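# An overview of the molecular structure
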Amino acid sequence: LHSLGNVNIAMLKYDKALTFFEKSLQYAVQTGDKNNIVANSINIGDIYLSKTDYKNALQHYSSSLNISQEINNLKQIAIVRNIYSLFKRKQQVYFT
């Protein structure tokens, strides 16, 4: 499911990609696969960001950061912190 989401992103079919990532996220939650919860949450956040839905993007990025810290996934922590940094610098643009 996750790979199908990536394929649809490459084809700029964001709504379809979002559906696949959400299904993949549900499966990851059901199975307790925290690394895939993080990966899917970041991808979902990216889609919301591309759709200028900043509130939902931040919600998914925040969730992925919390879980990344919980499992000590340093790579994902760095990725999400970089995204937060971009949001913080552009906050007035995004939320005005």
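Calculation notes
Residues numbered from 1 in each chain as written. Predicted model: local features only at pLDDT ≥ 70, side-chain atom pairs only at ≥ 80, totals over all residues. Heavy atoms only, no water. pLDDT = per-residue confidence, 0-100. Helix = DSSP H or I, 4+ residues; strand = E, 2+ residues; numbered from the N terminus. Contact = heavy atoms within 4.5 Å. Buried < 20%, exposed > 50% of the residue type's maximum accessible area, 1.4 Å probe, protein only. Core = buried A, V, L, I, M, F, W, Y, C linked by side-chain atoms within 4.5 Å. Salt bridge = Lys/Arg side-chain N within 4 Å of Asp/Glu carboxyl O. Axes fitted to C-alpha atoms, helices over the stretch in contact; angles between N-to-C directions. Parallel < 35°, antiparallel > 145°, perpendicular 65-115°, else oblique. Left-handed = near helix turned anticlockwise from the far one by under 90°. Nonpolar A, V, L, I, M, F, W, Y, C, P; charged D, E, K, R; others polar.

## Some words on the confidence of the model for the chain
Chain-level pLDDT for the chain is 88 on average; 92% of the residues reach the 70-or-more range. Per-element confidence in the chain ranges from a low mean pLDDT of 53 for helix 6 (residues 91-94) to a high of 97 for helix 2 (residues 14-31).

## Remarks on the environment of N40
Mapped onto the elements, N40 comes out in helix 3 (residues 34-50). Between the C-alpha atom of N40 and that of E22, which follows or precedes it by 18 residues, the distance is 7.3 Å. If we skip the residues at most four places from it in the chain, N40 touches H2, F21, S24 and L25.

## A word on unusual backbone geometry
Positioned with a positive phi, L12 is a non-glycine residue whose angle comes to about 65°. Position of L12 among the secondary structure elements: in the loop between helix 1 (2-10) and helix 2. Unlike most non-glycine residues, N72 shows phi in positive territory, near 60°. For N72, the position within the fold is in the loop between helix 4 (54-70) and helix 5 (74-89). For N72, a relative accessible area of 54% gives the class exposed.

## Some points on the nonpolar core
With 20 residues, the main nonpolar core has I44, Y61 and F87 as its most contacted residues. Contributing elements (two or more residues each) for this core: helix 2, helix 3, helix 4 and helix 5. With 6 residues, helix 3 is the single largest residue contributor to this core. When sequence neighbours within four positions are dropped, the list of residues in contact with Y61 reads I42, G45, D46, L49, V80, I83, Y84 and F87.

## Thoughts on the pattern of salt bridges
Scanning all chains against the criterion turns up 2 salt bridges. Residue K51 is joined to D15 by a salt bridge in which the shortest nitrogen-to-oxygen separation is 2.3 Å. With K51 in the loop between helix 3 and helix 4 and D15 in helix 2, this pair connects stretches of sequence that are 36 residues apart.

## Thoughts on the packing of helix 1 against helix 3
Between helix 1 and helix 3, the least distance of the axes is 11 Å, while the angle of their chain directions is 25°. Comparing the axis directions of helix 1 and helix 3 gives the class roughly parallel. Handedness of the crossing formed by helix 1 with helix 3: left-handed. Each of H2, N6 and I9 in helix 1 lies in contact with helix 3, whose residues at this interface are A39, N40, N43 and I47. Of the residues contributing to the contact of helix 1 with helix 3, the split by class is 3 nonpolar, 4 polar and no charged.

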